[in-house]
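Residues per chain, in single letters:
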Amino acid sequence: MSKKLLIVDDSPSVRQMVEMTLKGAGYTVKAAKDGQEALGFCRTERFDFVLTDQNMPNMDGITLIKSLRAMTAYTRVPLIVLTTEASDAMKQQGKAAGATGWMVKPFDPKKLLDVVAKVLR
Amino acid sequence: MALSSEVREHLATHKYFDAKFKKAGIKVLPGEYYATKDDLMITTLLGSCVAVCLYDESVGVGGLNHFLLPDGGDSTDLLSTSGRYGVYAMELLINHIVKLGGARDRLRAKVFGGGNVIKSMTQSKVGDQNVEFVMGYLQNELIPIDAEDVLDIYPRRVNFFPATGRVMMKKLMNHYDNELIDKEIKLRKVVTEHRTESGDVDLF
């Protein structure tokens with residue numbers, strides 16, 4: 001069965017780009033528009049991987065990651081941040097919250113597929 | 001490879017006092033952007049580049065960018081090299097406005113530029129490509145466009161008042177600005193050379 005991935009971004013353009021890339025590689029993809037919606041999905045469904053933006057209304061990426069790490073079902077699931085935020089301070093905050101990795105935009109489809117393949121192994 | 005500093009959109013730093021408008025101003029150069037909640041005027045001079053003015057009037061926050069797309073694929077295809085670069089340029093501005101208190105779902109836009117001012121570039125329709133991308137992007141993001149003045153062959157001076165969203169734009173009919181055109185040609189060359197670069201990846 002194909003792996004189930006959740007992508008979280010407030011930009012419809014970014015959601016489309018990421019969704020097309022992952023679906024094209026054979027993954028099953030669901031999309032959420034902010035951290036709050038993503039958290040709701042994760043409470044009722046099990047995902048193998050979550051890719052989230054950082055700056056979003058209602059709930060940002062780091063808060064989403066903290067909330068997910070507090071759930072027993074998500075202690076080991078890879079949680080990757082995809083953001084325009086490139087500072088080391090932000091990366092450290094992400095790491096401390098429990099993120100598996102930090103990818104800086106501009107979005108590169110090939111790099112994302114490499115990372116997904118690596119962390120899902 | 002990580003995105004080189006010369007192609008990353010930078011926050012404009014050139015402050016000045018505008019004698020005509022009797023107001024503190026910020027000059028945004030090609031490849032730069034600026035956003036503020038202060039009562040400033042943001043000004044930029046456009047050739048084939050585009051500038052998107054974005055503002056949330058209810059909180060008086062707004063900003064403007066000044067960019068062009070690299071040569072590379074169909075700019076209306078988000079996953080093409082030029083499409084991905086454009087999405088990134090727009091996101092930097094939007095994120096900055098949101099950090100200053102603007103709400104994404106209240107943003108409105110005014111779009112300028114994309115004049116095919118460079119004679120050698122007229123054939124390749126560089127201006128058209130930049131405009132097509134911006135219009136498609138804003139539609140996709142559900143950001144309404146309140147005003148636009150795009151394409152044609154003239155440079156444009158844009159004076160943007162972010163607190164209210166007001167724009168005063170002038171088409172420079174008798175103006176052939178070699179310095180502006182040189183800057184744009186250089187910018188396009190640089191972003192095209194670096195178009196395959198993307199951001200860093202850290203696995204913790």
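A quick note: this is a predicted structure, and the numbers were derived from the prediction, not measured.

## What about the overall build of chain A?
The number of helices and strands found in chain A is five helices and five strands. Ordered by position from N to C terminus, the α and β elements of chain A give β-α-β-α-β-α-β-α-β-α. Taken over the C-alpha trace, chain A has a radius of gyration of 13 Å; the compact-globule value for 121 residues is 14 Å, and the two agree within 12%. Counting only C-alpha atoms, chain A reaches 30 × 30 × 25 Å along its principal axes. Across the 121 residues that make up chain A, the buried fraction comes to 56%. When the 18 positive and 13 negative side-chain charges of chain A are each reduced to one mean point, those points stand 7 Å apart.

## Some words on the UniProt feature "domain: Response regulatory" (unreviewed entry) in chain A
Per the UniProt entry, the sites bearing "domain: Response regulatory" (unreviewed entry) are residues 4-120 of chain A in this numbering. For residues 4-120 of chain A, the end-to-end C-alpha separation is 11 Å, with 46% helix and 20% strand making up the annotated structure.

## Looking at the sheet that holds strand β5 (residues 41-46) of chain B
All names here are of chain B. Pairing is mixed in the open sheet, where five strands are placed in the order β2-β3-β5-β10-β11. Pairing within the sheet leaves two strands with one partner each, and these edge strands are β2 (14-18) and β11 (166-171). Recorded for the sheet is a direction-independent mean angle of 25° between the axes of neighbouring strands. By the bridge criterion, five bridges tie β5 to strand β10 (residues 156-161) in an arrangement that is antiparallel. Bridge pairing in β10 links leucine 45 to arginine 157.

## Regarding the side chain of B:Ser82
Topologically, B:Ser82 is positioned in helix α1 (residues 81-99). Setting aside residues up to four positions removed in sequence, B:Ser82 forms contacts with B:Leu69, B:Pro70, B:Gly72, B:Gly73, B:Asp74, B:Ser75 and B:Gln129.

## Observations concerning the packing of aromatic side chains
The full count for this structure, using the stated rule, is four aromatic pairs over all chains. Here a set of aromatic residues connected by ring pairs shows up, and it is made of B:Phe67, B:Phe133 and B:Tyr137. A cation over a ring is seen here: A:Arg46 above A:Tyr74, with NZ or CZ 5.9 Å from the ring centre. It is B:Lys27 that lies over the ring of B:Tyr16; its NZ or CZ is 5.0 Å from the centre.

## Remarks on the side chain of B:Gln129
All names here are of chain B. Here glutamine 129 is to be found in helix α2 (residues 126-140). For glutamine 129, a relative accessible area of 13% corresponds to the buried category. Setting aside residues no more than four positions away along its own chain, glutamine 129 makes contact with Leu69, Pro70, Gly73, Ser75, Ser82 and Arg188.

## Remarks on helix α3 (residues 61-69) of chain A
All names here are of chain A. Looking only at α3, the buried set comprises Gly61, Ile62, Leu64, Ile65 and Leu68. All buried residues of α3 lie within an arc of 155° about the axis, which places them on one face of the element. Buried residues along α3 sit in contact with β1 (4-8), α2 (35-44), β3 (49-52), β4 (79-83), α4 (88-97) and β5 (101-104).

## Quick look at the UniProt feature "modified residue: 4-aspartylphosphate" (unreviewed entry) in chain A
Within this numbering scheme, the UniProt entry marks A:Asp53 as carrying the feature "modified residue: 4-aspartylphosphate" (unreviewed entry). Take A:Asp53: it is sitting in the loop between β3 and α3. The buried category is assigned to A:Asp53, whose relative accessible area is 1%. Non-local contacts of A:Asp53, meaning those with residues more than four positions away in its chain, are made with A:Val8, A:Asp9, A:Asp10, A:Gly61, A:Leu82, A:Thr83, A:Lys105 and B:Glu91.

## Some thoughts on the interface of chain B and chain A
Contacts between the two partners involve 24 residues from chain B, matched on the other side by 33 residues from chain A. Note on chain B versus chain A: buried area summed over both sides is about 2500 Å², and carbon and sulfur give 59% of it. Among the residues of chain B in contact with chain A, B:Leu79, B:Leu203 and B:Phe204 are the three that bury the most area, contributing 26% of the side total. Run the count over chain B and chain A and you get four salt bridges. For A:Asp10, the salt bridge identified is with B:Arg104, shortest N-O distance 2.9 Å. Linking chain B to chain A there are 17 residue pairs in polar contact (both at pLDDT 80 or more).

## Re the sheet that holds β4(A)
One open sheet holds the six strands; their spatial order is β2(A)-β1(A)-β3(A)-β4(A)-β5(A)-β12(B), and the pairing between them is mixed. Edge strands, defined here as strands with exactly one partner in the open sheet, are β2 (28-32) of chain A together with β12 (201-203) of chain B. Neighbour to neighbour, the strand axes of the sheet diverge by 15° on average, direction disregarded. As defined by bridge partners, β5(A) adjoins β12(B) across three bridges and the pair is classed as antiparallel. From the neighbouring strand, A:Met103 faces β12(B), where its bridge partner is B:Val201. Along the sheet, helix α1 (residues 12-24) of chain A contacts β1, β2, β3 and β4 of chain A; its crossing angle with β2(A), the most-contacted strand, is approximately 170°. Of the strands in this sheet, β1, β3, β4 and β5 of chain A together with β12 of chain B touch helix α5 (residues 109-120) of chain A, which is tilted by about 5° from β12(B).

## A look at the environment of B:Leu107
With respect to the helices, strands and loops of the structure, B:Leu107 is situated in the loop between α1 and β8 (108-113). Apart from residues no more than four positions distant in its own chain, B:Leu107 is found in contact with B:Leu54, B:Tyr55, B:Asp56, B:Ile94, B:Ile97, B:Ile143 and B:Pro144.

Definitions and limits used
Residues numbered from 1 in each chain as written. Chains lettered and ligands numbered in written order. Predicted model: local features only at pLDDT ≥ 70, side-chain atom pairs only at ≥ 80, totals over all residues. Heavy atoms only, no water. Helix = DSSP H or I, 4+ residues; strand = E, 2+ residues; numbered from the N terminus. Rg over C-alpha atoms; globule rule 2.2 N^0.38 Å. Buried < 20%, exposed > 50% of the residue type's maximum accessible area, 1.4 Å probe, protein only. Lys, Arg positive; Asp, Glu negative; His and termini not counted. Charge placed at Lys NZ, Arg CZ, Asp CG, Glu CD. UniProt positions renumbered as here; feature names shortened; annotations may be inferred. Pairing = 2+ DSSP bridges. Axes fitted to C-alpha atoms, helices over the stretch in contact; angles between N-to-C directions. Contact = heavy atoms within 4.5 Å. Phe/Tyr/Trp six-rings, centres within 6.5 Å; stacked < 30°, edge-to-face > 60°. Lys NZ or Arg CZ within 6 Å of the ring centre and 35° of its normal. Arc of directions from axis to C-beta. Buried area = accessible area lost by both parts, 1.4 Å probe. Salt bridge = Lys/Arg side-chain N within 4 Å of Asp/Glu carboxyl O. Polar contact = N/O pair within 3.5 Å; in protein donor to acceptor, adjacent residues only side chain to side chain.

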